[in-house]
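# Summary of the model geometry
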Amino acid sequence: MLVLFETSVGYAIFKVLNEKKLQEVDSLWKEFETPEKANKIVKLKHFEKFQDTAEALAAFTALMEGKINKQLKKVLKKIVKEAHEPLAVADAKLGGVIKEKLNLSCIHSPVVNELMRGIRSQMDGLIPGVEPREMAAMCLGLAHSLSRYRLKFSADKVDTMIVQAISLLDDLDKELNNYIMRCREWYGWHFPELGKIISDNLTYCKCLQKVGDRKNYASATLSELLPEEVEAEVKAAAEISMGTEVSEEDICNILHLCTQVIEISEYRTQLYEYLQNRMMAIAPNVTVMVGELVGARLIAHAGSLLNLAKHAASTVQILGAEKALFRALKSRRDTPKYGLIYHASLVGQTSPKHKGKISRMLAAKTVLAIRYDAFGEDSSSAMGVENRAKLEARLRTLEDRGIRKISGTGKALAKAEKYDHKSEVKTYDPSGDSTLPTCSKKRKIEQVDKEDEIIEKKAKKAKVKIKVEEEEEEEEQEEGGVLVVEEQETSVKKKKKKDKKKHIKEELLSEEEPCTSTAVPSPEKKKKKKKKRENED
């Protein structure tokens, strides 16, 4: 059996001397402990050396793609075909290509992998004529060449440029806003009315650059920058302006700032066009789905297109809203429904009621587009266009769902009923405002007065009854020589009378309680009560 072994210096073909020892896979490493033992197992039959690093790079790129290099083809035809022995190969894909093109039987198994590992450990002793220094230098040079080749080969797929471009675009927007705000505030001391008339920042700076001092507006022509009506308004405002006078040096510095703003704005438009082109080259389907700015921000947030492709749809949906997500999880509130994807045009044109649904569906379709762009070989945007059309159709059905109604046969569009104007005048009913019971605890003044009068009448009647009873008691006391039986009867009567008096007093007190004025007993009544007690004793 022959073994094909690839090194950074060249191709090596070994002859296996003792195939019986290959059957013991677990103990095969012991046969490669020293160079002497290794030479008893395998022996170098042929070594094809590379002339330079470029040749080595071409050979290894072909091996990585599963192809056979011309140099390797010659070696295999010359040596292996003549030997009529099977060839052990480290890569199964390469073995299939050799078998297909050269009609050679190739072997790939765990025994072959262990054999390759043993040969690699004793490579210096098995391949004579190759110094360790030369081998290390070739390894390093080939590694650098391979990395450069990969970068050059996938130059269109380098998403680092997108990350840098979108970051620079955001920085330029911030700086432009600061510069324009400073320019408006600075020139506003001289001509404050111009800021209210011209709202566009770039046009404002171009007008300043062309005219300068407000005295020059009367003779200047601004038809290239402004419409006729606005130009006339600016000239009229310049004549009656309330601004202060400034020196020529101040105007020069303001104009210099305006030129900076105009240059940065032009560079920003150029950078935006560059970003559009790069996004269409690297991620065309993502660009169709969410737009170049949102797509570039998603790639920049994830770090690269490959990292973004590893995320799930739910992660892509809330990417950029991490603070809100963790705050919601910490406080046990509702989690956010969207992050950076909120700025996509599909989410922006939906009603607030359906934004959550559309963002979820858009995230699912966007993840498919990201993976297609990252791992697919095709660079067309057909899949993105198709998915976007599906989402737009779904959006239309969601928006029309409120207008549709379900009839007996199926769904039908709701017919708009004719509006009839009714001239009924409705009055406001305040009874529904109060949640308190209808009968109020506070009584009216008139009711209170009536109740007081009734209580006073009852009290007078009770007083008259008490006076009559007291007179009767006095007459009975004056009579003497009353029998014991009569005394007992009178005592019983007195008790009954006392009970009646107490009952009457309790009624009077219960009736007099709601009344605001409390009745104070007279001193005459007190004296009579004392006499009654003495007589009873």
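Starting afresh in each chain, residues are numbered from 1 along the sequence in its written order. Two thresholds apply to this predicted model, a pLDDT of at least 70 for residue-level local features and 80 or more for giving and counting side-chain atom pairs, whereas whole-chain, interface and lining totals are computed over all residues. As a convention, hydrogens and water are excluded, and side-chain values are obtained from all of the structure's heavy atoms.

Going by an unreviewed UniProt entry, the protein carries the name Nucleolar protein 58 and comes from Diceros bicornis minor. Its UniProt record gives the protein a comment under Sequence similarities (unreviewed entry), which states: "Belongs to the NOP5/NOP56 family." The record held by UniProt for the protein lists under Subcellular location (unreviewed entry) the comment "Nucleus, Nucleolus". UniProt positions are given in the numbering used here, feature names are shortened, and annotations may be inferred rather than shown by experiment.

Helix and strand content of the protein: 23 helices and 7 strands. The 537 residues of the protein split such that 32% are buried. Whether two residues are in contact is decided by their heavy atoms, any of which lying within 4.5 Å being enough. Here the analysis covers contacts within the protein between residues at least 6 apart in sequence; of these, 66% occur between residues at least 24 apart. Here the open area of atoms and residues is found with the Shrake-Rupley method and a 1.4 Å probe, where only the protein chains shown may cover a residue. In the structure as shown, the protein presents an accessible area of about 36,200 Å², 53% of it carried by carbon and sulfur atoms. Counting from the N terminus, the helices are DSSP H or I runs at least four residues long and the strands are E runs at least two residues long. The rule is simple: take the accessible area with a 1.4 Å probe, protein chains only, and divide by the maximum for that residue type; under 20% is buried, over 50% is exposed, in between is partly exposed.

This part takes up the sheet that holds strand β5 (residues 106-107). The pairing criterion for strands is at least two bridges between them, as found by DSSP. Spatially, 5 strands are ordered β3-β2-β1-β4-β5 in an open sheet, and the strand pairing comes out mixed. Edge strands, defined here as strands with exactly one partner in the open sheet, are β3 (42-49) and β5. As paired elements, strand β4 (residues 87-88) and β5 share 2 bridges and run parallel to each other. Bridged to leucine 87 within β5 is cysteine 106.

For the rest of this paragraph, the subject is the environment of glutamate 134. As for its placement among the helices and strands, glutamate 134 is situated in helix α7 (residues 132-153). With relative accessibility at 29%, the residue glutamate 134 sits in the partly exposed group. The sequence separation of glutamate 134 and valine 9 amounts to 125 residues, and the corresponding C-alpha distance is 8.2 Å.

Right, let's talk about helix α5 (residues 110-121) for a bit. By definition here, a helix of n residues has an expected span of 1.5 Å times n minus one. Taking 1.5 Å per residue as the helical rise, α5 with its 12 residues ought to reach 16 Å, and the 17 Å between its terminal C-alpha atoms agrees with that figure. Looking only at α5, the buried set comprises Val112, Glu114, Leu115, Met116, Gly118 and Ile119.

Before going further, it helps to spend a moment on the pattern of salt bridges. In what follows, salt bridge is the name for a side-chain nitrogen of Lys or Arg lying within 4 Å of a carboxyl oxygen of Asp or Glu. Under the criterion given, the structure shown has 13 salt bridges. Several salt bridges converge on common partners, so that one network encompasses Arg214, Lys215 and Glu245.

Let us now look at the side chain of threonine 366. The residue threonine 366 is located in helix α19 (residues 355-375) in this model. Only 2.5 Å separates the side chain of threonine 366 from the backbone oxygen of leucine 362, close enough to count as a polar contact. Contact partners of threonine 366, with chain neighbours within four places excluded, come to Met289, Val290 and Ile341. Pairing of N or O atoms within 3.5 Å defines a polar contact, subject to two protein rules: one partner must be a possible hydrogen donor and the other a possible acceptor, and residues neighboring in sequence count only if both atoms are side-chain atoms.

Attention now goes to the packing of aromatic side chains. Stacked, tilted and edge-to-face pairs are distinguished by plane angle, under 30 degrees for stacked and over 60 for edge-to-face with tilted covering the rest, among Phe, Tyr and Trp rings (Trp via its six-membered ring) whose centres lie within 6.5 Å. In total, this model carries 4 aromatic pairs according to the counting rule given. Residues phenylalanine 5 and phenylalanine 14 carry aromatic rings whose centres are separated by 6.3 Å and whose planes lie at 70° to one another, so their mutual orientation is edge-to-face. Relative accessible area serves as the criterion here: at 0%, phenylalanine 14 is assigned to the buried category. Between the aromatic rings of tyrosine 11 and phenylalanine 50, the centroid separation amounts to 5.4 Å while the plane-to-plane angle is 75°, which identifies the pairing as edge-to-face. Residue tyrosine 11 is found in strand β2 (residues 10-16), and its partner phenylalanine 50 is found in the loop between β3 and α2 (53-64); the two are separated by 39 residues along the sequence. We call a charge positioned over a ring when the NZ of a Lys or the CZ of an Arg lies within 6 Å of the ring centre and within 35 degrees of the ring normal. The aromatic ring of tyrosine 204 is capped on one face by arginine 184, whose charged end is 4.4 Å from the ring centroid.

This next bit is on the packing of helix α8 (residues 160-188) against helix α12 (residues 248-282). A pair of packed helices can be characterised by two numbers: the angle between their axes and the separation between those axes. Running from N to C, α8 and α12 point in directions that differ by 155°, and their axes come no closer than 9 Å. Taken as axis vectors, α8 and α12 run roughly antiparallel relative to one another. Like other packed secondary-structure pairs, α8 and α12 cross with a definite hand, here left-handed. Asp, Glu, Lys and Arg are counted as charged, while Ala, Val, Leu, Ile, Met, Phe, Trp, Tyr, Cys and Pro are counted as nonpolar; the rest, among them Gly, fall into the polar class. Partitioned by chemical class, the residues of the contact of α8 with α12 number 26 nonpolar, 2 polar and 4 charged. Lines are fitted to the C-alpha atoms to define the axes, a helix being fitted only along its stretch in contact, and any angle between axes, read from their N-to-C directions, falls within 0 to 180 degrees. Should an angle lie under 35 degrees it is considered roughly parallel, over 145 roughly antiparallel, and from 65 to 115 roughly perpendicular; all remaining angles are considered oblique. Less than a right angle of anticlockwise turn of the near helix away from the far helix marks a crossing as left-handed, whereas a clockwise turn marks it as right-handed.

Confidence per residue, as judged by the predictor, is encoded in pLDDT with a range of 0 to 100. Considering every residue of the protein, the mean pLDDT works out to 80; 79% of them sit at 70 or more. The low-confidence segment residues 481-485, where pLDDT is below 50, has 1 contact with residues more than four positions distant or belonging to other chains. Every residue in residues 511-521 scores below 50 in pLDDT, and together they form 8 contacts with partners more than four places removed in sequence or on other chains.

Right, let's talk about the nonpolar core for a bit. A general feature of soluble globular proteins is that nonpolar side chains tend to end up buried together. What we call a nonpolar core is a set of buried Ala, Val, Leu, Ile, Met, Phe, Trp, Tyr and Cys residues that are connected through their side-chain atoms within 4.5 Å. Counting 65 residues, the largest nonpolar core has Tyr187, Leu194, Leu208, Tyr217 and Leu362 as the members making the most contacts within it. Among the elements that line this core, the one with the most residues is α12, at 11 residues. Segmentation of the chain into domains, including their bounds, is taken from an automatic or database domain assignment. Domain assignment of the residues forming this core places at least three in each of domain 2 (160-271) and domain 3 (283-399).

Attention shifts here to the side chain of serine 359. The residue serine 359 is located in helix α19 in this model. Among the residues examined, serine 359 registers a relative accessible area of 0% and is labelled buried. Beyond its immediate sequence surroundings of up to four residues, serine 359 is in contact with Gln317, Lys337, Tyr338, Ile341 and Val347.

Further remarks concern unusual backbone geometry. One non-glycine residue, asparagine 103, lies in the positive phi region at around 60°. Within the secondary structure layout, asparagine 103 lies in the loop between α4 (92-102) and β5. Non-glycine residue arginine 332 carries a positive phi angle of around 60°. Among the structural elements, arginine 332 can be located in the loop between α17 (322-331) and α18 (345-348).

Covalent bonding between the sulfur atoms of two cysteines is what defines a disulfide. Cysteine sulfur atoms that pair up within 2.5 Å are treated as a disulfide. Per the counting criterion, the structure on display carries 0 disulfides. Its sulfur unpaired, cysteine 207 is 9.4 Å from the next cysteine sulfur, which belongs to cysteine 205. Looking at cysteine 258, it has no disulfide partner, and the nearest cysteine sulfur is the one in cysteine 183, 3.4 Å off. The class of cysteine 258 is buried, set by a relative accessible area of 0%.

Taken together, the side chains of Lys337, Lys353, Lys357, Arg360, Arg394 and Arg401 present a region of like positive charge at the surface. Secondary-structure assignment places arginine 401 in the loop between α20 (382-400) and β6 (404-406). Surface patches are drawn from residues lacking salt bridges whose relative accessible area is over 30%; two like charges belong together within 9 Å, two nonpolar side chains (Val, Leu, Ile, Met, Phe, Trp, Tyr) within 5 Å. For the purpose of counting charges, residues Lys and Arg are taken to be positive, whereas Asp and Glu are taken to be negative. His and the chain ends are not included. Charge placement uses NZ in Lys and CZ in Arg. For Asp and Glu, CG and CD serve respectively.

A few words on the pairing of β2. Burial analysis of β2 places 6 of its 7 residues in the buried class, the great majority of the element. With 5 bridges connecting them, strand β1 (residues 2-6) and β2 associate as antiparallel partners. Each bridged residue has a counterpart across the sheet, and for leucine 2 the counterpart in β2 is lysine 15. Count of turn residues in the β1/β2 antiparallel hairpin: 3 residues.

Glancing now at the pairing of β1. In terms of burial, β1 is a largely internal element, 4 of the 5 residues being buried. As paired elements, β1 and β4 share 2 bridges and run parallel to each other. Bridge pairing links leucine 2 to leucine 87 in β4.

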